[in-house]
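Chains, contacts and geometry: an overview
Here is how the chains run, residue by residue.
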Number of protein chains: 2
Amino acid sequence: MNGEDAEEGAVAERIRLAYVLTAANRQDAIAKALDIVYEQTVELPRGTIPASLEERVVGRVDALDPFPVEGQWKAVLSYDPADVGEDLPQLLNLAYGNISLQVGIRLVDIQLPAAMLGRLPGPGFGIEGLRRLCGAEDHRALLCVALKPVGLTALELADLCLALAVAGIDIVKDDHGLANQPMAPFAPRVARCQEAVAKANAATGGHCRYFPNVTGPVDLLAERLALARDAGCRGVLVSPLLLGPDTVRWIAEGWDLAILAHPALAGAYFQAQHGIAPDVLLGTVFRMIGSDGVIYPNEGGRFPFARRICEGINRRLRAPLGTLRPAFPVPGGGIDAARVPYWIDQYGVDTLFLVGSSLYGRPDVERAARHLVETVRRHCDERRLESDQV
Amino acid sequence: MNGEDAEEGAVAERIRLAYVLTAANRQDAIAKALDIVYEQTVELPRGTIPASLEERVVGRVDALDPFPVEGQWKAVLSYDPADVGEDLPQLLNLAYGNISLQVGIRLVDIQLPAAMLGRLPGPGFGIEGLRRLCGAEDHRALLCVALKPVGLTALELADLCLALAVAGIDIVKDDHGLANQPMAPFAPRVARCQEAVAKANAATGGHCRYFPNVTGPVDLLAERLALARDAGCRGVLVSPLLLGPDTVRWIAEGWDLAILAHPALAGAYFQAQHGIAPDVLLGTVFRMIGSDGVIYPNEGGRFPFARRICEGINRRLRAPLGTLRPAFPVPGGGIDAARVPYWIDQYGVDTLFLVGSSLYGRPDVERAARHLVETVRRHCDERRLESDQV
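As the structure is a prediction and not an experimental result, all values here were calculated from the model.

Cut-offs used in this document
- Residues numbered from 1 in each chain as written.
- Chains lettered and ligands numbered in written order.
- Predicted model: local features only at pLDDT ≥ 70, side-chain atom pairs only at ≥ 80, totals over all residues.
- Heavy atoms only, no water.
- Salt bridge = Lys/Arg side-chain N within 4 Å of Asp/Glu carboxyl O.
- Helix = DSSP H or I, 4+ residues; strand = E, 2+ residues; numbered from the N terminus.
- Buried < 20%, exposed > 50% of the residue type's maximum accessible area, 1.4 Å probe, protein only.
- Contact = heavy atoms within 4.5 Å.
- Polar contact = N/O pair within 3.5 Å; in protein donor to acceptor, adjacent residues only side chain to side chain.
- Nonpolar A, V, L, I, M, F, W, Y, C, P; charged D, E, K, R; others polar.
- Core = buried A, V, L, I, M, F, W, Y, C linked by side-chain atoms within 4.5 Å.
- Least-squares fit on C-alpha atoms with pLDDT ≥ 70 in both.
- pLDDT = per-residue confidence, 0-100.
- Pairing = 2+ DSSP bridges.
- Axes fitted to C-alpha atoms, helices over the stretch in contact; angles between N-to-C directions.

As a further point, take the pattern of salt bridges. Note on pairing: side chains with opposite charge can pair once their charged atoms come close. One pass over the structure, following the stated rule, counts 41 salt bridges over all chains. Linking Asp 87 of chain B and Arg 224 of chain A is a salt bridge whose minimum nitrogen-to-oxygen distance equals 2.9 Å. Of this pair, Asp 87 of chain B sits in the loop between strand 4 (72-79) and helix 3 (88-96) while Arg 224 of chain A sits in helix 8 (residues 218-231), which puts the two residues in different chains. The residues Asp 87 of chain B and Arg 224 of chain A share a single accessibility class, namely buried.

Moving on, we come to the interface of chain A and chain B. Listed per partner, the contact involves 74 residues of chain A and 74 residues of chain B. Scanning the region where chain A abuts chain B turns up 10 salt bridges. Here Arg 302 of chain B makes a salt bridge to Glu 43 of chain A, at a shortest N to O gap of 3.9 Å. Here chain A and chain B share 30 residue pairs in polar contact (both at pLDDT 80 or more) between them. For the side of chain A that touches chain B, the secondary structure elements donating two or more residues are helix 2 (51-56), helix 3 (88-96), helix 8, helix 9 (240-243), helix 10 (245-254) and helix 14 (357-360) of chain A. Considering every element that reaches the side of chain A that touches chain B, the biggest residue donor is helix 10 of chain A, with six residues. Tallied by class, the residues present in the side of chain A that touches chain B amount to 37 nonpolar, 24 polar and 13 charged.

By size, the foremost hydrophobic cluster in this structure holds 260 residues, and its most contacted members are Leu 147 and Leu 164 of chain A together with Leu 147 and Leu 281 of chain B. Contacts of Leu 147 of chain B, omitting those with residues within four sequence positions, involve Leu 157, Leu 160, Cys 161, Leu 164, Val 172, Lys 173, Asp 174, Asp 175, Leu 178, Cys 193, Tyr 210 and Tyr 360 of chain B.

What follows deals with the relation of the copies chain A and chain B. Here chain A sits on chain B after a turn of 180° about the axis and a move of 0.0 Å along it, with an RMSD of 0.0 Å. The symmetry that links the two subunits is that of a two-fold axis. Residue Gly 244 of chain A, judged by its C-alpha, is the member of chain A lying nearest the rotation axis, at 1.9 Å. A shared interface surface links the copies, since 100% of the contact residues of chain A are contact residues in chain B too.

Attention shifts here to the confidence of the model for chain A. Residue and element names in this part refer to chain A. The pLDDT averaged across chain A works out to 94; a share of 97% of its residues lies at or above 70. Across residues 1-6, confidence stays below pLDDT 50; counting only partners more than four residues off in sequence or on other chains, it has 11 contacts. Among the prediction metrics, the complex's ipTM stands at 0.95, with pTM recorded as 0.96.

Here the focus is the sheet that holds strand 9 (residues 235-238) of chain B. Residue and element names in this part refer to chain B. The four strands are arranged 9-10-12-13 in an open sheet whose pairing can be described as parallel. Only two strands of the sheet have a single neighbouring strand rather than two, namely strand 9 and strand 13 (328-332). For this sheet the average axis-to-axis angle between neighbouring strands, irrespective of direction, equals 20°. Relative to strand 13, strand 12 (residues 293-297) is paired through five bridges, and the arrangement is parallel. Its bridge partner being in strand 13, Pro 297 is matched across the sheet by Gly 332.

What follows is the structure in structure tokens.
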């Protein structure tokens, strides 16, 4: 049950949730673990509820071990699946609802019973499906570029789309800050950008895909999704924490659109001794709700993410998880185009690299993008050649 | 623009967002503030975008002052309303999306232009409307009890409802962990509990209201809301961060149901030097999206909330905010029934007190609840008498 071992994210009989607890000593850690299993279920102190409920409804402390960090303990708590029923919001509530308001409780693993996992959509396309959508062979990494900046008109954004698609980028996505602003409202933006990509594909024989951002008002969501799909888009960008994770689950289940998930707001959860571990939130939760690719800020970019965090997210997105498909890690947040080959060697080819600023900083975006595409393809070809020779 | 002064939450020409920044010195604080206004809009470094966009789209650093805490600065940043358009998720994105992934950035105030505020629903009932719904005169505080524990059947919960309604409690709400579990599925639970409350009201002439928890799957939400409304419920419980804030906005706009908001997951945002200040998230954001009452963990209960945080939330829920109605602060999280009069003196009568564990710990819940109701009414009558004499 250690966060690093092979069992993480595996399938369990009961709901198993692991936490790192900060406590003065073992006795306090045990008391804290017990408080959690009551707080997250009956919300009443021990002794005030019928014994039958204590047995059935209150969670169990399955394990409590010292954590490698001084003053911390790893607790594994388990719950009857009936504590959740079939509602995803209630699963998230059980995992971290009320205890978010405490201190020194960090969620570091979620393992669900097979039946519960099976009711979650997981990636509708997954790594294989997204490769197929983009005509990308197994041996190469994929490339994604964000359309920006906000403030451009729909036509200006479409011009960028055309340039990036012609250059051979696999996925051009809206910047997650593109909503329905007056400068480039959703409907004309999607129409123009999708037209541009289709035109580029027709000219090059390529399979570039344009994913518009649909993190909009929930009452307009179906309309925007239909508009995107009818225009010919095969995927969308969403920010699950802005939109609500269950709304993403609903998109994944009913729309046959690939989902690229953005981590907006997620950083609030990433505290050293509290919150939800990045690999669990972005790697496990985002994958469960149906993300085919999950964007995260890569090490060395504009955000302070450490290498082991990025690797943890990669692992959870790709590792076996019941019958759910694996999803693409999408490192971004200021990846230098010149360093993509390096990151391919670090993370492997089942990675979708999100490159932005370092292309936009160049005088000719199309040319810079084409150079990136060629470099990545050549690098991946060489890697295949080397591995064939081994 | 100080977090404590009269301007907080007021109406502005531009979107004005205030942050407390942790930085080594003033120069670093300025650099951090500038990084934010780029990161949250164009997501590109200075110098890589056209000057016209810099002027119009990138935010402005309106003020940067030393904060009373060493190593912290208060920055006021402002944005063109066109950066958001009309999407609430995009407003939250602008306020804290990407920068959540940084460190040492704490959102401490949100001020919106009148037009933008006017498009948000705010409380549909507010303090006045909720009082009317519960037949509660202006001079007294209201009482709410959570139905629990999860694990009871619909009939057992309905029995509790009956007892609490007969005792004179104003609002009986589902525990926020009651979803659609097999022990008490949503439909029979709402039917039985609402019947019980109606029966009690018929017998006593009272106006107790039952608010079921509708934090369920988004695709079943309309069905559950309709079921609750058709059964005769006049309000519901939601957890905005489990469900998605914009989904709560949608409920507030279209269902004519009072909304009690639960802070599940919110604690993840409450860091000392990062995240969103509790008064801003629970007091301003939750009110803007339509909460008529906002639950928070009171000082001295099971959660480590300080008095000044509670008072900050109270203030933001009740203060003038464009044309939005004021909402009830709902302190809970382990309030001792015996201490409610003390808290009335602290927080005033425009407060809805959420009492739970301390009633359920007693052998006769109805009797304990009746005693609480009588104590509170007597205390509020005495307060009125005293203030009349002044």
